[in-house]
Amino acid sequence: MSQANVVAVNPAEHTERSSPFAIPTKKLAMWLFIVSDAATFAACLVAYGFLRNGTPNWPTPFKFSPTVLNAMAMTFVLITSGLTMFLGVRAAKSTDKKMALRWVYLTALLGAVFALLHLREWLGMIHAGVRLFQNPWGSGLFGAAFFSVTGLHLLHVVSGVVALVAVGSRYNRGRYNADDIEVLGLYWHFVDLVWMFVVPFVYLMNVAR
Amino acid sequence: MHDMSAHALQHHAPPPGFVRKHIFSLDHKVIGEQYYGLALLAVLIGMVLSWIMRLHLAWPDVHIPGLQLLSKNGAPGGVLTPEYYLQLMTMHGTIMVFFVLTTAPFAAFGNYFLPIQVGAEDMPFPRFNMMSFWVTFVSFCVAVAAFFVPDGPPLSGWTAYAPLSALGAIAGPGQGMGQVLWAVSIAIFCVGQLLGALNFITTTLDMRCKGMSLMRLPLTVWAWFITSCMGLTAFAVLLPACILLFLDHVAGTSFFIPGDLVVSDTLQPHAGGSTLLWQHLFWFFGHPEVYIAIVPGMGIVSHVLITNMRRPMLSHRVLIYSMGALAFLSYMVYGHHMFVSGMNPFSSLAFSFPTLAITIPSTIIVLIWIGSLYGSKLRINSPSLFALGFISLFVSGGVSGFFLAQPSIDIILHATYFVVGHFHLVMALAATFGIFAGTYFWFPKITGRMMNETLGKIHFWFTFVGAYCIFMPFHYLGMAGNVRRYQAFVDDFMQPFIPVHKFITVAALVTGGAQILFLYNLIYSRFRGQPASENPWQATSLEWTIPSPPPFNNFGDRIPVVYHDPYQYGVDGASDDYVMQDSPEQTQSVRDEK
Ligand code: HEM
Ligand SMILES: [Cu+2]
């Protein structure tokens with residue numbers, strides 16, 4: 001619940017509350033979620049590093065084409081979506097509802113493109129014989145680590161796309177306001193940021209030498 | 001916006017209908033009571049399990065009538081099999097740690113009183129709050145369901161060490177379906193606690209009423225707030241750990257299963273994982289978790305003692321900072337559970353140092369309590385007795401921590417009853433005393449009736465003496481080499497321990513039986529107890545400014561305004577010996593720290 005809405009419910013209330021950090025509750029909640037989600041991702045990445053480090057026959061199968069190229073394309077799409085999200089929030093803040101909506105939906109579209117690129121890559125790897133417990137090149141842990149780390153991230157992207165569409169349409173109907181778009185923006189940028197850890201650790205470190 | 005409509009509702013009247021009022025309620029007070037009820041149910045199950053284990057340890061052939069109904073294979077003719085002993089032990093630990101020690105002091109009392117004590121009409125996300133309870137409830141059902149699957153519950157202990165926990169049915173009874181249910185249950189539990197922590201933190205930071213600065217928050221609020229901060233990251237790590245464990249069972253991965261493992265003469269198909277990885281992930285959660293269990297108790301005990309000493313603690317701030325330091329350090333010490341796990345011995349050294357460092361804030365907290373008690377005219381009543389008991393148990397159990405923190409000593413003591421004695425005193429029993437203190441203290445507020453004092457005191461003495469009779473001997477047993485997680489002590493060198501175990505079992509039965517006094521008091525007083533006034537303890541914090549039981553939106557149409565520090569007792573120039581937080585009365589207080 002954002003402060004603005006509290007005012008709508010009970011005008012007396014807002015002035016009675018002392019909020020030294022002046023951070024709206026929804027935004028704070030999103031930050032807290034991000035802290036906790038970051039711990040989850042960190043745990044997964046550390047687990048991956050721990051296993052990789054302790055596995056002598058860890059495979060490094062990725063080639064520049066197609067894997068690294070694809071990862072670059074995905075990164076490009078995701079960064080662009082970060083930019084469109086930023087523009088969406090800015091437009092929403094300056095009460096340009098139409099522009100804001102356009103940017104938000106474009107962000108969702110880019111997120112969907114990212115997810116499709118990712119799924120195509122997954123299918124390619126599955127086709128090449130990578131499973132959760134085995135692969136043609138070395139330790140079976142490779143597939144488990146790859147699919148679980150990227151899968152967790154993909155899950156976040158897909159949920160983000162759903163949330164973008166849902167919040168966007170409610171924003172359109174006036175049930176959500178610019179603050180809600182901003183809060184969602186925080187989430188989207190976080191998902192973006194996590195990808196910047198996934199790329200070097202999961203992709204670049206496993207490029208064939 | 002759905003949250004808003006819920007919120008708007010909060011301001012006017014309770015929702016109509018039994019289901020919305022008592023079952024899927026958005027009211028933080030009802031949710032707090034639901035958590036308390038869940039903890040009560042869980043603790044009864046956990047206690048019965050401990051009785052069965054204790055009986056079996058003292059008399060390995062004992063026939064426990066009716067037990068075969070629980071599991072035909074696990075207890076043929078009512079006598080526990082070795083495996084079934086371990087399965088009951090796992091459920092005892094899991095139920096107690098997760099569903100009692102985490103839910104009662106934190107989720108139950110926190111939900112009920114945190115919003116009131118900060119002067120809010122509810123938490124900012126009532127729907128999340130409701131989900132938090134129901135998710136926890138589902139998690140509990142999933143955990144208990146393990147009793148009723150063919151092989152029964154898992155036998156790998158509440159710590160679920162790999163590879164035992166990851167291998168599946170081949171590792172023993174309960175390690176198939178039972179362990180899967182365990183992993184699912186704990187993963188769900190994590191989600192519930194994360195939702196709870198989110199609400200607690202936002203309530204504390206954003207929902208405070210006018211004048212309620214951070215330093216004016218009661219110590220209970222600080223304790224719950226600090227606990228939520230730990231929960232927010234600790235459960236976020238246990239969650240993926242449980243999911244990875246789940247994948248090892250159902251998806252054929254081998255995160256926690258090493259290569260070339262032969263079990264029951266068959267080479268396992270899995271390869272290449274790490275058993276230590278589980279321990280790292282688990283204890284990264286596990287050590288903060290033990291502080292999640294105890295810090296709320298510290299808050300409750302301070303709150304109760306201050307009210308009954310009629311003076312504040314020596315230093316409000318240092319107490320808060322020390323609890324914060326505990327939380328911060330609790331992430332850096334987890335490796336002390338792994339000294340003999342086979343991790344690099346240098347890591348042991350690295351974990352030993354912060355473990356010794358964490359005793360400093362603990363000691364400061366205890367010294368503040370003792371120093372404040374010294375020379376005070378403490379009112380002796382059930383809440384204050386249990387608060388004193390908490391301190392006693394926390395100190396007794398903490399002292400053994402100093403020994404365990406030395407890797408060289410821990411090599412001998414690890415996995416013995418010494419450790420079991422340590423954590424039962426310092427965590428299990430101390431936190432339980434915190435729950436009792438909170439119950440006797442806040443019962444009048446929650447129900448509008450007093451609990452029976454005489455029964456409360458008898459209950460205290462039975463429980464206090466019983467606790468020491470049960471858990472002190474554990475330390476001697478451990479030093480003598482009595483290993484933990486054994487179902488019977490049949491080896492020659494363990495024979496002399498048997499009489500001690502018999503004594504412990506009798507003490508456990510008596511102490512457990514004495515809890516009937518508490519249950520009786522709880523139920524009887526709920527309906528027949530002396531009616532309680534608004535403020536029976538002459539306390540100062542906001543929960544005592546509203547009727548008992550509190551109205552639906554806590555403060556009615558009044559919006560509280562706070563003028564004072566939380567604990568204005570024995571103030572000069574006040575009309576009474578205390579000044580309520582929301583009293584506009586001007587006082588010449590030197591204690592207003594602001
Ligand atoms: C004075 C500070 C403390 C120190 C130095 C300390 C040290 C230790 C050490 C080194 C161990 C590992 C022993 C082993 O497994 O061989 C241990 C176990 C344990 N401690 Fe503490 N501890 C302290 C306080 C606490 C507190 C406050 C709690 C709970 C509220 C607690 C709960 C536990 C539990 C539950 C275990 C055993 C877990 C298990 O293996 O099942 N300890 N402690
Ligand atoms: Cu520990």
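Residues numbered from 1 in each chain as written. Chains lettered and ligands numbered in written order. Predicted model: local features only at pLDDT ≥ 70, side-chain atom pairs only at ≥ 80, totals over all residues. Heavy atoms only, no water.

S.K.: What should I look at first to understand the packing of aromatic side chains in this one?
M.R.: Residue and element names in this part refer to chain B. By the definition in use, this model includes 69 aromatic pairs over all chains. With centroids separated by 5.2 Å and ring planes inclined at 85°, the aromatic side chains of Y35 and F133 adopt a geometry described as edge-to-face. Note that Y35 is positioned in helix α3 (residues 28–58) and F133 in helix α6 (residues 126–145), a separation of 98 residues in sequence. Their ring planes at 45° and their centres at 4.7 Å tell us that Y112 and F113 sit as a pair that is tilted. (Phe/Tyr/Trp six-rings, centres within 6.5 Å; stacked < 30°, edge-to-face > 60°. Helix = DSSP H or I, 4+ residues; strand = E, 2+ residues; numbered from the N terminus.)

S.K.: Where do I start with the site of ligand 1 in this structure?
M.R.: Residue and element names in this part refer to chain B. Around ligand 1, the structure places 22 residues, and the nearest of them are W158, D410, H414, H422 and R484. Note that an oxygen atom of ligand 1 is positioned 2.5 Å from one of the side-chain N or O atoms of D410. For ligand 1, an oxygen atom lies 2.6 Å from a polar atom in the side chain of H414. Broken down by secondary-structure element, the contributors of at least two residues to the shell around ligand 1 are α9 (275–309), α11 (345–373), α12 (382–404) and α14 (417–447). Looking at the shell around ligand 1 element by element, the count peaks at five residues for α14. Per-class residue counts for the shell around ligand 1 are 12 nonpolar, eight polar and two charged. (Near = heavy atom within 4 Å. Polar contact = N/O pair within 3.5 Å; in protein donor to acceptor, adjacent residues only side chain to side chain. Nonpolar A, V, L, I, M, F, W, Y, C, P; charged D, E, K, R; others polar.)

S.K.: Looking at this structure, I do not really get the coordination of the iron atom of ligand 1. What am I missing?
M.R.: In an ideal tetrahedron of four donors about a metal, each angle is 109.5 degrees. In an ideal octahedron of six donors, the angles are 90 or 180 degrees. Residue and element names in this part refer to chain B. No protein donor other than H422 (NE2) coordinates the iron atom of ligand 1, and that contact is at 2.1 Å. Here the copper ion (ligand 2) and the iron atom of ligand 1 are spaced 4.4 Å from one another. Tracing the chain through its elements places H422 in helix α14. (Donors = N, O, S within 2.8 Å, 3.2 Å for Na, K, Ca; no water.)

S.K.: Explain the packing of α11(B) against α12(B) here, please?
M.R.: Think of two packed helices as two axes; the pair is described by the angle between the axes and how far apart they sit. Residue and element names in this part refer to chain B. Contact geometry for α11 and α12: axes closest at 11 Å, N-to-C directions at 150°. Taken together, the axes of α11 and α12 lie roughly antiparallel to each other. Seen from above, α11 lies across α12 with left-handed handedness. Together, L356, T359, S362, T363, V366, W369, I370 and L373 of α11 and L388, F390, I391, F394, V395 and F402 of α12 make up the contact between the two elements. Of the residues that constitute the contact of α11 with α12, the class distribution is 11 nonpolar, three polar and no charged. (Axes fitted to C-alpha atoms, helices over the stretch in contact; angles between N-to-C directions. Parallel < 35°, antiparallel > 145°, perpendicular 65-115°, else oblique. Left-handed = near helix turned anticlockwise from the far one by under 90°. Contact = heavy atoms within 4.5 Å.)

S.K.: Would you take a moment to explain the nonpolar core for this structure?
M.R.: If you look at soluble globular proteins, the nonpolar side chains tend to sit buried side by side. Residues and elements named next belong to chain B. With 250 residues, the main nonpolar core has F256, M298 and F390 as its most contacted residues. When residues in this core are grouped by element, the largest group, 22 residues, is from helix α5 (residues 82–118). Those residues within four positions of F390 in sequence are excluded, and the remaining contacts are I294, G297, M298, V301, W369, A430, A431, F433 and G434. (Core = buried A, V, L, I, M, F, W, Y, C linked by side-chain atoms within 4.5 Å. Buried < 20%, exposed > 50% of the residue type's maximum accessible area, 1.4 Å probe, protein only.)

S.K.: Teacher, can you tell me more about the coordination of the copper ion (ligand 2) here?
M.R.: Distances from the copper ion (ligand 2) to its protein donors, B:H287 (ND1), B:H336 (NE2) and B:H337 (NE2), fall at 1.8 to 2.0 Å. Mapping the donors of the copper ion (ligand 2) onto the primary sequence gives the spacing H-x48-H-H.

S.K.: Honestly, the side chain of B:H287 in this entry has me stumped. Any pointers?
M.R.: Inspection of the secondary structure puts B:H287 in helix α9. If sequence neighbours within four positions are ignored, B:H287 has contacts with B:S330, B:V333, B:Y334, B:H336, B:H337 and B:I358.

S.K.: What should I look at first to understand helix α5 (residues 97–127) of chain A in this one?
M.R.: A turn of α-helix holds 3.6 residues, and therefore any two residues three or four places apart point the same way. For α5(A), which comprises 31 residues, the first-to-last C-alpha distance of 45 Å matches the rise-based estimate of 45 Å (1.5 Å per residue) to within 8%. Count one or two residues on from α5(A) and you reach A:G129, which has phi positive near 100°. (Expected span 1.5 Å × (residues − 1).)

S.K.: Just to check I follow, could you spell out the packing of α5(A) against helix α7 (residues 178–203) of chain A for this structure?
M.R.: Residue and element names in this part refer to chain A. Relative orientation of the contacting elements α5 and α7 amounts to 25°, with a least axis distance of 13 Å. On the basis of their axis angle, the class for α5 and α7 is roughly parallel. Viewed along their axes, α5 and α7 form a crossing whose handedness is left-handed. Along the contact surface, α5 presents V104, T107, G111, F114, H118 and E121, while α7 presents I181, W188, W195 and Y203.

S.K.: In this structure, what is going on with the pattern of salt bridges? I would like to understand it.
M.R.: Opposite charge on two side chains permits pairing when their charged atoms draw close. For the structure on display, the rule yields nine salt bridges over all chains. One salt bridge connects B:K29 with B:D27, and the closest N-O pair in it is separated by 3.4 Å. Grouping residues by exposure puts B:K29 and B:D27 together as buried. When the shortest N-O distance is used, the salt bridge between B:D565 and B:R216 registers 3.9 Å. With B:D565 in the loop between α16 (498–528) and β3 (568–569) and B:R216 in the loop between α7 (177–206) and α8 (219–250), this residue pair connects regions lying 349 residues apart in the sequence. For B:D565, a relative accessible area of 7% translates into the label buried. If you follow the salt bridges from partner to partner, you end up with A:K27, A:K93, A:D179 and A:E182 in one network. (Salt bridge = Lys/Arg side-chain N within 4 Å of Asp/Glu carboxyl O.)

S.K.: Sorry, what's going on with α8(B) here?
M.R.: Residue and element names in this part refer to chain B. Compared with the 46 Å implied by 1.5 Å per residue over 32 residues, the 45 Å span of α8 between its first and last C-alpha is a close match. G231 marks where α8 bends most, by close to 25°. Along α8, 27 of the 32 residues are buried, which leaves the element largely enclosed by surrounding structure. Once α8 ends, the next one or two residues include G252, with phi positive near 75°. (Bend = angle between axes of the 7 residues up to and from the residue.)

S.K.: What am I meant to see in the domain arrangement of chain B here?
M.R.: Bring the parts together and some accessible area is lost; that lost area is often taken as the interface size. All names here are of chain B. In terms of domains, chain B is made up of domain 1 (28–257 + 268–273) and domain 2 (532–594). With centres defined by C-alpha atoms, the gap from domain 1 to domain 2 works out at 37 Å. Every contact between the two is made by 22 residues of domain 1 and, on the other side, 20 residues of domain 2. With both chains or domains summed, domain 1 and domain 2 bury close to 1500 Å², and 59% of this area falls on carbon and sulfur atoms. When the buried surface of domain 1 facing domain 2 is broken down by residue, K29, I116 and R216 rank first, second and third, together holding 38% of it. Scanning the region where domain 1 abuts domain 2 turns up one salt bridge. At the junction of domain 1 with domain 2, the criterion picks out 12 residue pairs in polar contact (both at pLDDT 80 or more). Secondary structure elements with two or more residues in the side of domain 1 that touches domain 2: α3, α5 and α8. With five residues, α5 is the single largest residue contributor to the side of domain 1 that touches domain 2. (Domains from an automatic or database assignment. Buried area = accessible area lost by both parts, 1.4 Å probe.)

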